[in-house]
Amino acid sequence: MSAIKLAPSILTADFGRISEQIKAAEAGGADYIHLDVMDGRFVPPITFGPLVVEAVRRTTKLPLDIHLMINNPEAQFDAFAEAGGDIINFHIEATRHADRLLRQIHTLRKRAGICINPATPLSAIEDVLDVADQVMVMAINPGWGGQKLIPSMIDKVRRLRAMLDERSLSPDIEVDGGVKEHNVASCIAAGANVLVCGSSVYNGDASPQANLAALRKAAAKVTA
């Protein structure tokens, strides 16, 4: 399995100190910075657009993992690529043309990711797995940070890993939603190698550095 990557989501960070919060995650050994873009239509909340991504890009050299929870995502690929996104992920539920959209992202010289919601079967994405660089399994219903991981999504990750292995495909498997110190091992054992961590990194219990260290320690128990 590929090295485990931790991708702190700034959704639960303090936006009044966003530069400081990102630098803290970087100092704590984060591998990516995960940015949740919501349009108020695909999911109810509205978050931010390319201007915030540009600001984050100026703050860090870490890869920016852009999660587009928006309708008509292809209309925004150029903007988020130009803003500094490195991995551009969109939802299978937002398009009928996933193959074309993944290839469109590749023309921008960016890594292309496909996301799948809890109620959507893996069969919806099986025919584009050979085009995707990353598959993001939503372990919560998207839209809000701080939710608990849906236990059945661990088995979904396991089935996805088996599907990829059977076809000798190697996109990253990213789990997004409810990733905590107590379930990191289950996510990794099921086959995930990228873990989005929002409220488990940005909270009032400990610093981002300390929280990332705890997550990394939990991950190391599986990968040792």
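Calculation criteria
Residues numbered from 1 in each chain as written. Predicted model: local features only at pLDDT ≥ 70, side-chain atom pairs only at ≥ 80, totals over all residues. Heavy atoms only, no water. Helix = DSSP H or I, 4+ residues; strand = E, 2+ residues; numbered from the N terminus. Buried < 20%, exposed > 50% of the residue type's maximum accessible area, 1.4 Å probe, protein only. Areas by Shrake-Rupley, 256 points an atom, 1.4 Å probe, with all protein chains shown as cover. Lys, Arg positive; Asp, Glu negative; His and termini not counted. Charge placed at Lys NZ, Arg CZ, Asp CG, Glu CD. Phe/Tyr/Trp six-rings, centres within 6.5 Å; stacked < 30°, edge-to-face > 60°. Pairing = 2+ DSSP bridges. Right-handed = clockwise from strand over helix to strand, strands pointing away. Arc of directions from axis to C-beta. Contact = heavy atoms within 4.5 Å. Salt bridge = Lys/Arg side-chain N within 4 Å of Asp/Glu carboxyl O.

> Outline the overall build of the protein chain, supporting the account with residue identities and numerical values.
Helix and strand counts for the protein chain stand at seven helices and eight strands. Projecting the C-alpha coordinates of the protein chain onto the three principal axes gives extents of approximately 40 × 40 × 30 Å. When each of the 224 residues of the protein chain is scored for burial, the buried share is 53%. Carbon and sulfur atoms make up 50% of the accessible area of the protein chain, which totals about 9700 Å². The averaged location of the 26 negative side-chain charges in the protein chain is 3 Å from the averaged location of its 23 positive side-chain charges.

> Residues and numbers for unusual backbone geometry, please.
Most peptide bonds take the trans form, and the phi angle of most residues other than glycine is negative. One non-glycine residue, Arg-109, adopts positive backbone phi at about 60°. Within the element layout of this structure, Arg-109 appears in the loop between helix H4 (98-107) and strand E5 (111-116). A relative accessible area of 78% means that Arg-109 is categorised as exposed. Positive phi outside glycine occurs at Ser-168, with the angle close to 55°. Take Ser-168: it is sitting in the loop between helix H5 (152-166) and strand E7 (172-176).

> Give a description of the packing of aromatic side chains that names residues and reports values.
Think of a pair of aromatic rings as described by two things: how far the centres are apart, and how the planes are tilted against each other in angle. Following the criterion strictly, the structure yields two aromatic pairs and no others. For the pair Phe-15 and Phe-48, a centre-to-centre distance of 6.1 Å together with 40° between the ring planes defines the contact as tilted. Of this pair, Phe-15 sits in the loop between strand E1 (5-8) and helix H1 (18-27) while Phe-48 sits in the loop between strand E2 (33-38) and helix H2 (50-59); the two residues are 33 residues apart in sequence, bridging distant segments of the chain. Taking 5.8 Å as the distance between ring centres and 45° as the angle between the ring planes, the aromatic pair formed by Phe-77 and Phe-90 counts as tilted. Linking Phe-77 in helix H3 (residues 77-83) with Phe-90 in strand E4 (residues 87-91), this pair joins segments that are 13 residues apart in sequence.

> Summarise the pairing of E7; cite the residues concerned and give the values.
Of all five residues in E7, five are buried; the element is thus mostly enclosed. In E7, alternate side chains face the same way, and those of Asp-172, Glu-174 and Asp-176 on one face and Ile-173 and Val-175 on the other are all buried. One ladder, built from five bridges, connects strand E6 (residues 134-138) with E7; its direction is parallel. Bridge pairing in E7 links Met-136 to Glu-174. In the classification by handedness, the crossover that spans E6, the intervening H5 and the parallel E7 is right-handed.

> Tell me about H2, and name the residues and values.
Buried within H2 we find Val-53, Val-56 and Thr-59. All buried residues of H2 project into a common sector of 115° when viewed along the axis, lining one side. The exposed residues of H2 that point more than 90 degrees off its buried face are Leu-51 and Arg-58. Looking at the packing, one finds that the buried side of H2 touches H1, E2, strand E3 (64-69) and H3.

> Give me the lowdown on the pattern of salt bridges, citing residues and values where you can.
Where charged atoms of side chains with opposite charge meet at close range, the side chains can pair. For the coordinates displayed, the defined rule picks out nine salt bridges. Residue Asp-172 is joined to Arg-111 by a salt bridge in which the shortest nitrogen-to-oxygen separation is 3.2 Å. Residue Asp-172 is located in strand E7, and its partner Arg-111 is located in strand E5; the two are separated by 61 residues in the primary sequence. Judged by its relative accessible area of 29%, Arg-111 falls in the partly exposed class. Between Asp-155 and Arg-158 there is a salt bridge, with the nearest N and O atoms lying 3.6 Å from each other. Separated by three residues within a single helix, Asp-155 and Arg-158 lie in helix H5, roughly one turn from each other.

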